[in-house]
Amino acid sequence: MLLFDDYWKKIIESIQTAYPEVTEGDIALDRSGHCDLTFRAFQVMKKRGLSSEAVYSKVTEILGASDFIEKIESVGGYVNFTLMPSKLMEAIWKEMEGTNQYPDTFQDPERVSVEHTSTNPTGPIHIGRIRNSIIGDSLARLLARYGYRVTTQYFINDSGRQVASLYAGYRKFVKSDNPSAYDLLEGYKQATVELEAGTELNGEVDQVIRDYEKGDPETIEGIRKVCSIILDSINASLFNLGIKIDDYTWESDLIRTGDIGRIMEDLEEDLLEEAGAKYIMSNGRKMFLTRKDGTSLYFSRDIAYHLYKFQNFDWLIDVLGENHKEHASHIEYVTKTLLNQEHRLDFVFYSYVSLETGKMSTRKGQIITLDELYERAIEESLKVVKSKRPELPEESLKEIAMNVAVSAIRFHILKLNSNKPMVFKWSEALNLEGDSAPFVMYSYARASSIMRKLEGQNQAVGKNYNKEEGALIRQMYLYPYVLTESLRGLKPENVANYLLELTRKFNDFYSNCPVINALQEEKERRVLIINSYRTIIRDAANIVGLKILEEM
RNA sequence: GGGCCCGUGGCCUAGUCUGGAUAAGGCACCGUCCUUCUAAGUCGGUGAUCGUGGGUCCGAAUCCCACCGGGCCCGCCA
């Protein structure tokens, strides 16, 4: 929960005392430059047969004396409110003085699980999967900022056909006791070729699955070994992006602890059978839980996983590729309707990332790995920072380049609306100008540079703000609304877009409002503005995983 | 064939849920500004039938219907 002086809400509630039929949506942020908030009175005028003057005078009667409103105007069917920048500034400062953050957070006791990444451990993580990780990690950070107790979760699929194929490929083609993730990927690719050709390897894969579920020690040891090698590589890659997952659940553990068996018992009434394979009907479809040889399928394992999570959390959020939409709706049906789970369950879907040459495939080796993107991003930012700041020591240059690279990658992938398909282009991913992470970071560094030169400077709310100051303050004031909207829609990309918006406003301020050489009163209020801006940037940047630097 | 998602200047996007005032940015291109605080920046310019056609409405990028184009799903795969 967020705490701050909510003037928007005050206006809505005041207008509703006169016109109860007015909805929150009727009082909106103005995007046309006329004012701050606008009341669209068209419906009220029509329904009540009132003139715009009548509505205007009623609104003025209720709100005209409010200390936070600078002016109220009537234009056509709009009633326009311009707020007092000084009151907005004060509202921000009040929060920051107490808690060093705006808005203040009220700790919510709810426990939330955010499952993300959960990619099959069959090869290094690529830039398509990373969309899942970046969305999930940012969402977890957003929830944490909001005050929830968040745990991120990774469901390791070690029991399916793909990992069994990986293991079979390893045994047959990789002659190393100490293979790397890339060695294993090679074996997997070769195995895929054979499996598609229909060789006896298919039978071996079936046997691996049976042995694994039965608990054959040698198979367990072997599969866990190859999966762990790949997981370590995935985690190392994710770590470079500042992503750490709290909990890992192995699918096979759910089988061996008997969770799957218990689910089959709980679902007994709904269970149907076809040639020994068990299934249930969900939304008119046969959803198979087990194969005819009794081994489990992804669907039943995922149900077990969700039940496990329901036991430990008040709210489950899964970040899934759009191809899981159907699967998700069946999971929801089984857990909520058939198994009566009451806690909240939400899914966040994202569209796939493809290359200009077509779709990515780990099996076919048509991927750009995160490691490759990361290295090239560092290379690119190092080149830029070297030319911009040749006087800095090598160590600092490297440090800056790494932070820019992580931020640029995360920002580039996150800022796009998650249900839009994304075609990855190097030129766009490595662009460090315009609507990018360095654009935000650079502005922040300039703000910090000013502050370094004004160490110990007094700050004050002040008055007589000019246009750029007012616009920046207004944008800062809106931050809590952005967080709320972002959380409501489970859309962390809103925060990324807000960062761009806020940065543009700051840049306007920066190029029009001198600080160091300003008169005392101007200087004091501008110092407060810059400090507030820096606090909000750090806060929002942390949510989307941008690494803010004091100097770059 | 059925279902879900996407379509906004040459290219990439914001805005769509909750309809509202000249459709907001970036890339590329042309021009401007480093003797005011970091030029990864600023300012100006060129460039948009908001996929198409209907409908609802005082008002549609936004809602409804149809169609077109792209993605995804419709496995005893995951």
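## Digging into the sheet that holds strand 4 (residues 69-75)
- Sheet architecture is open: 4 strands sit in the order 2-3-5-4, paired in antiparallel fashion. The sheet is open, and its two borders are formed by strand 2 (27-29) and strand 4, each paired with just one other strand. Recorded for the sheet is a direction-independent mean angle of 25° between the axes of neighbouring strands.
- Looking at chain direction, strand 4 and strand 5 (residues 78-83) are connected through 6 bridges and run antiparallel. Within the sheet, the bridge partner assigned to Ile-72 lies in strand 5 and is Phe-81.
- Across the sheet, helix 1 (residues 7-18) touches strand 2, strand 3 (37-40), strand 4 and strand 5, and the angle it forms with strand 2 is around 155°.

## Comments concerning the domain arrangement of chain A
- The domain architecture assigned to chain A consists of domain 1 (2-83), domain 2 (116-359) and domain 3 (370-544).
- For domain 1 and domain 3, the distance between their C-alpha centroids amounts to 33 Å.
- Taken residue by residue, the interface counts 11 residues in domain 1 and 7 residues in domain 3.
- Summed over both sides, the interface between domain 1 and domain 3 buries roughly 720 Å², with carbon and sulfur atoms accounting for 67% of that surface.
- The three residues of domain 1 that bury the most area against domain 3 are Leu-2, Phe-4 and Trp-8, which together make up 55% of that side's buried surface.
- At the junction of domain 1 with domain 3, the criterion picks out 1 salt bridge.
- Across the pair Arg-474 and Asp-36 runs a salt bridge, and its minimum N-O distance is 2.7 Å.
- Counting across the interface, domain 1 meets domain 3 through 6 residue pairs in polar contact (both at pLDDT 80 or more).
- Ranked by the residues each element gives to the side of domain 1 that touches domain 3, the list is headed by helix 1, at 3 residues.

## A short note on the sheet that holds strand 11 (residues 277-282)
- Judged by pairing direction, the sheet is antiparallel, and its 3 strands sit side by side in the order 10-11-12 without closing on themselves. Edge strands, defined here as strands with exactly one partner in the open sheet, are strand 10 (272-274) and strand 12 (285-288). Averaged over all neighbouring strand pairs, the angle between strand axes comes to 45°, with direction disregarded.
- Note: strand 10 against strand 11, 3 bridges, orientation antiparallel. In the strand pairing of strand 11, Glu-273 is matched with Lys-278.
- Lying over the sheet, helix 13 (residues 325-338) contacts strand 11 and strand 12, oriented at roughly 90° with respect to strand 11.

## So, the protein's contact with RNA strand B
- Within the structure, RNA strand B sits among 71 residues, and Tyr-78, Asn-157, Lys-388, Tyr-442 and Arg-488 are positioned closest to it.
- At a separation of 2.6 Å, a phosphate oxygen of RNA strand B approaches a polar side-chain atom of Arg-291.
- Here a phosphate oxygen of RNA strand B and a side-chain polar atom of Lys-420 are 2.7 Å apart.
- Among the elements that make up the surface near RNA strand B, the one with the highest residue count is helix 17 (residues 437-453) (8 residues).
- Split into classes, the residues belonging to the surface near RNA strand B amount to 26 nonpolar, 16 polar and 29 charged.

## Remarks on the packing of aromatic side chains
- Following the criterion strictly, the structure yields 22 aromatic pairs and no others.
- Aromatic side chains Tyr-279 and Phe-288 sit 5.0 Å apart centroid to centroid with 45° between the ring planes, which places their arrangement in the tilted category.
- Assessed through its relative accessible area of 9%, Tyr-279 is described here as buried.
- Ring-pair connections join several aromatic residues into one group, and the members of that group are Phe-4, Tyr-7, Trp-8, Phe-68, Tyr-102, Tyr-477 and Tyr-481.
- Directly above the ring of Tyr-212 sits Arg-256, whose terminal nitrogen or CZ lies 4.8 Å from the centroid.
- The ring of Trp-426 carries the charged tip of Arg-376 above its face, separated from the ring centre by 3.9 Å.

## As for the side chain of Asn-531
- Here Asn-531 shows up in helix 21 (residues 520-544).
- Within the structure, the side chain of Asn-531 is placed 3.3 Å from the side chain of Arg-534, a separation counted as a polar contact.
- Every residue in contact with Asn-531, bar those within four places of it in the chain, is listed here: Met-451 and Gln-459.

## Structural notes on a negative patch on the surface
- Taken together, the side chains of Glu-265, Asp-266, Glu-268, Glu-269 and Asp-270 make up a negatively charged region of the molecular surface.
- Inspection of the secondary structure assignment puts Glu-265 in helix 11 (residues 259-266).

## As for the packing of helix 17 against helix 21
- Contact pair helix 17 / helix 21: the axes reach a minimum separation of 10 Å and the direction vectors enclose 140°. Put simply, helix 17 runs oblique to helix 21. Remark: the crossing between helix 17 and helix 21 carries left-handed chirality. Counted together, Val-440, Ser-443, Tyr-444, Ala-447, Ser-448, Ile-450 and Met-451 of helix 17 and Val-527, Ile-530, Asn-531, Tyr-533, Arg-534, Ile-537 and Arg-538 of helix 21 form the full contact between these two elements.
- Partitioning the contact of helix 17 with helix 21 into residue classes produces 9 nonpolar, 3 polar and 2 charged.

The rules behind each value
Residues numbered from 1 in each chain as written. Chains lettered and ligands numbered in written order. Predicted model: local features only at pLDDT ≥ 70, side-chain atom pairs only at ≥ 80, totals over all residues. Heavy atoms only, no water. Pairing = 2+ DSSP bridges. Helix = DSSP H or I, 4+ residues; strand = E, 2+ residues; numbered from the N terminus. Axes fitted to C-alpha atoms, helices over the stretch in contact; angles between N-to-C directions. Contact = heavy atoms within 4.5 Å. Domains from an automatic or database assignment. Buried area = accessible area lost by both parts, 1.4 Å probe. Salt bridge = Lys/Arg side-chain N within 4 Å of Asp/Glu carboxyl O. Polar contact = N/O pair within 3.5 Å; in protein donor to acceptor, adjacent residues only side chain to side chain. Near = heavy atom within 4 Å. Nonpolar A, V, L, I, M, F, W, Y, C, P; charged D, E, K, R; others polar. Phe/Tyr/Trp six-rings, centres within 6.5 Å; stacked < 30°, edge-to-face > 60°. Buried < 20%, exposed > 50% of the residue type's maximum accessible area, 1.4 Å probe, protein only. Lys NZ or Arg CZ within 6 Å of the ring centre and 35° of its normal. Patch = residues over 30% accessible without salt bridge, like charges linked within 9 Å, V, L, I, M, F, W, Y side chains within 5 Å. Areas by Shrake-Rupley, 256 points an atom, 1.4 Å probe, with all protein chains shown as cover. Lys, Arg positive; Asp, Glu negative; His and termini not counted. Charge placed at Lys NZ, Arg CZ, Asp CG, Glu CD. Parallel < 35°, antiparallel > 145°, perpendicular 65-115°, else oblique. Left-handed = near helix turned anticlockwise from the far one by under 90°.

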